[in-house]
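These are the residues of each chain, in order.
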Amino acid sequence: MSSPTTHPEATADRPPSPPGRPAPGVTPVRRSRVDLLPYLLIAPVMVFIALLALVPAVTTVVQSFFRVDALDPPTRFDGFGNFVRLAGDKAVQGSIGNTVFYVVVGVVLSTLIGIGAAVVLQKPFRGRSLVIAVLILPWALPGAVGGVLWTGIFDPNAGLINSVLSSLHLGDGDAVLLGQNRLLTITLIELVQVWQIAPLSVLLILAVLQLIPDELYEAAQIDGCTPWTAFLRITLPLARPGIAVTMVQAVIATLNVFDQPYVLNGAANTGASITMQTYFISFQDLDFGGGYALSLLITIVTLVISLLVIRLVYRRVEL
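Residues numbered from 1 in each chain as written. Predicted model: local features only at pLDDT ≥ 70, side-chain atom pairs only at ≥ 80, totals over all residues. Heavy atoms only, no water.

> Before we go on, may I ask you to explain the overall build of the protein in this structure?
Counting its secondary structure elements, the protein contains 14 helices and two strands. Taken across its 319 residues, the protein has 35% of its residues classed as buried. In the structure as shown, the protein presents an accessible area of about 19800 Å², 68% of it carried by carbon and sulfur atoms. (Helix = DSSP H or I, 4+ residues; strand = E, 2+ residues; numbered from the N terminus. Buried < 20%, exposed > 50% of the residue type's maximum accessible area, 1.4 Å probe, protein only. Areas by Shrake-Rupley, 256 points an atom, 1.4 Å probe, with all protein chains shown as cover.)

And the structure:
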């Protein structure tokens, strides 16, 4: 590409340029400059957040390989001893089975409820805002508060659930939530948790459904598609990102469930979750090394399952 020519007469008539300034008619070349002020302003907060997350994480990883027992000092390296003891602990084994039930039932039910309710709320109707506001209430309640509310429903004397179960000969009064029927106990506990986490699932999926253009449904209706076919061919594929996020948050909530089993069933092993066992090992048995090891295992399992869900369910959608 040829460079522009400059006439000698034109350059001779131009006054000399001051030092440091470009000559008239010459476009200055601007050098890109990084503005460091925004980064400096947020640096203290970022450092605080990083330390808040990294220090406990590193401590958990390191201490899980040490024997940290307040009743048996001093702290000493134990290798995989904490993990071996956890593998042989009957209470931990039982809590793992309970937690698997919580995760499977909780993720499936909350996802199905989220999809169904979001589809119903997708189209505007009178009073939809009120329905959404009421729907959020269970999710807005702390888990312990929700558990206390449901203790009245599960009350052995005047509770609705126990009265129905007793009439069906599925449990006798207070035995329903006091550990004598394990399957019934964990089922009722998980229903309470689903009642609390399902509203968030509805909101997440509803947010994705609001992004689907109405023209797609109108075109499908013109082509003769039934509502069920439109749901399978349009709604579900385009809602997969929201469904994936919904399932991940349900996995995290159910794997780390603590409030509902502890409030409704106390320390009984029949309904204890793996997170409850972490609490019992650390703060009742004062075996902090075992608590660190169990916390590390829960973190790894949560991460693996979350990544697996995203890999299988999540699909990027271009609208």
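> Would you mind going over the environment of Asn 98 with me for this structure?
Take Asn 98: it is sitting in helix α4 (residues 90-122). Sequence separation between Asn 98 and Thr 185 is 87 residues; the distance between their C-alpha atoms is 9.9 Å. In this structure Asn 98 touches Arg 182, Ile 186, Asn 269, Thr 270, Gly 271 and Ala 272, once residues within four positions along its chain are discounted. Engagement of the side chain of Asn 98 in a polar contact is seen with the side chain of Arg 182, the distance being 2.9 Å. (Contact = heavy atoms within 4.5 Å. Polar contact = N/O pair within 3.5 Å; in protein donor to acceptor, adjacent residues only side chain to side chain.)

> Can you walk me through unusual backbone geometry in this structure?
For residues besides glycine, phi is generally negative; the peptide bonds are generally trans as well. We note that Leu 286 has phi near 60°; this positive angle belongs to a residue other than glycine. Secondary-structure assignment places Leu 286 in the loop between α13 (274-284) and α14 (288-313). With relative accessibility at 27%, the residue Leu 286 sits in the partly exposed group.

> I would appreciate a short explanation of the packing of aromatic side chains in the present structure.
What describes a pair of aromatic rings is the distance from one ring centre to the other and the angle between the planes of the rings. Scanning all chains against the criterion turns up 13 aromatic pairs. Among the aromatic residues, ring-to-ring pairing joins Phe 258, Tyr 262, Tyr 279, Phe 280, Phe 283 and Phe 288 into one connected group. For Lys 123, the ring lying beneath its charged end belongs to Tyr 217, and the centroid distance is 5.3 Å. (Phe/Tyr/Trp six-rings, centres within 6.5 Å; stacked < 30°, edge-to-face > 60°. Lys NZ or Arg CZ within 6 Å of the ring centre and 35° of its normal.)

> Please clarify how helix α8 (residues 182-209) should be interpreted in this entry.
Residues three or four positions apart in an α-helix share a direction because the helix packs 3.6 residues into each turn. With 28 residues, α8 extends 39 Å between its outermost C-alpha atoms, agreeing within 8% with the 40 Å of an ideal straight helix rising 1.5 Å per residue. At Ile 197, α8 is bent by approximately 35°, the largest bend along its length, and proline Pro 199 sits one to four residues beyond. α8 sits mainly inside the fold: 20 of its 28 residues count as buried. (Expected span 1.5 Å × (residues − 1). Bend = angle between axes of the 7 residues up to and from the residue.)

> Could you clarify how one ought to interpret the side chain of Gln 193 in this entry?
By secondary structure assignment, the location of Gln 193 is in helix α8. Non-local contacts of Gln 193, meaning those with residues more than four positions away in its chain, are made with Ala 253, Thr 254, Val 257 and Gln 260.

> What is the right way to read the environment of Val 148 from this model?
Within the fold, Val 148 resides in helix α6 (residues 143-153). Linking Val 148 and Gln 260, residues 112 residues apart in sequence, is a C-alpha distance of 8.5 Å.

> So what exactly am I meant to see when it comes to the confidence of the model for the protein here?
Keep in mind that low pLDDT regions are not for reading the predicted coordinates in detail. On average, the protein scores 83 in pLDDT, and the residues at 70 or more come to 84%. Contacts from residues 1-12, a stretch scored under 50 in pLDDT, to residues over four places away or in other chains number one contact. (pLDDT = per-residue confidence, 0-100.)

> Before we go on, may I ask you to explain the side chain of Glu 190 in this structure?
With respect to the element layout, Glu 190 can be found in helix α8. In terms of polar contacts, Glu 190 uses its side chain to reach the backbone amide nitrogen of Gly 106, at 3.5 Å. For Glu 190, the contacting residues outside a window of four places in its chain are Phe 101, Tyr 102, Val 105, Gly 106 and Thr 254.

> For this particular structure, what's the right way to read a nonpolar patch on the surface?
A cluster of nonpolar residues, Val 34, Leu 36, Leu 37, Tyr 39, Leu 40, Leu 41, Ile 42, Val 45, Met 46, Phe 48, Ile 49 and Leu 52, forms a patch on the protein surface that exposes about 1300 Å² of accessible area. In this structure, Leu 36 sits in the loop between α1 (8-13) and α2 (37-63). (Patch = residues over 30% accessible without salt bridge, like charges linked within 9 Å, V, L, I, M, F, W, Y side chains within 5 Å. Salt bridge = Lys/Arg side-chain N within 4 Å of Asp/Glu carboxyl O.)

> Would you explain the packing of α4 against α8 in this entry?
The description of two packed helices rests on the angle between their axes and on the distance between the axes. For the pair α4 and α8, the least separation of the axes is 6 Å and the interaxial angle reads 40°. Between α4 and α8 lies a crossing whose hand is right-handed. Partitioned by chemical class, the residues of the contact of α4 with α8 number 21 nonpolar, ten polar and two charged. (Axes fitted to C-alpha atoms, helices over the stretch in contact; angles between N-to-C directions. Left-handed = near helix turned anticlockwise from the far one by under 90°. Nonpolar A, V, L, I, M, F, W, Y, C, P; charged D, E, K, R; others polar.)

> Help me understand the nonpolar core, please; the structure alone is not making it clear to me.
Soluble globular proteins tend to pack their nonpolar side chains together in the buried interior. Of all hydrophobic cores here, the largest spans 29 residues; its most connected members are Ile 234 and Ile 243. The element that contributes the greatest number of residues to this core is helix α11 (residues 240-255), accounting for seven residues. Counting residues in each nonpolar core, the second largest holds ten residues, with Ile 186, Leu 188, Val 192 and Leu 264 among its members. (Core = buried A, V, L, I, M, F, W, Y, C linked by side-chain atoms within 4.5 Å.)

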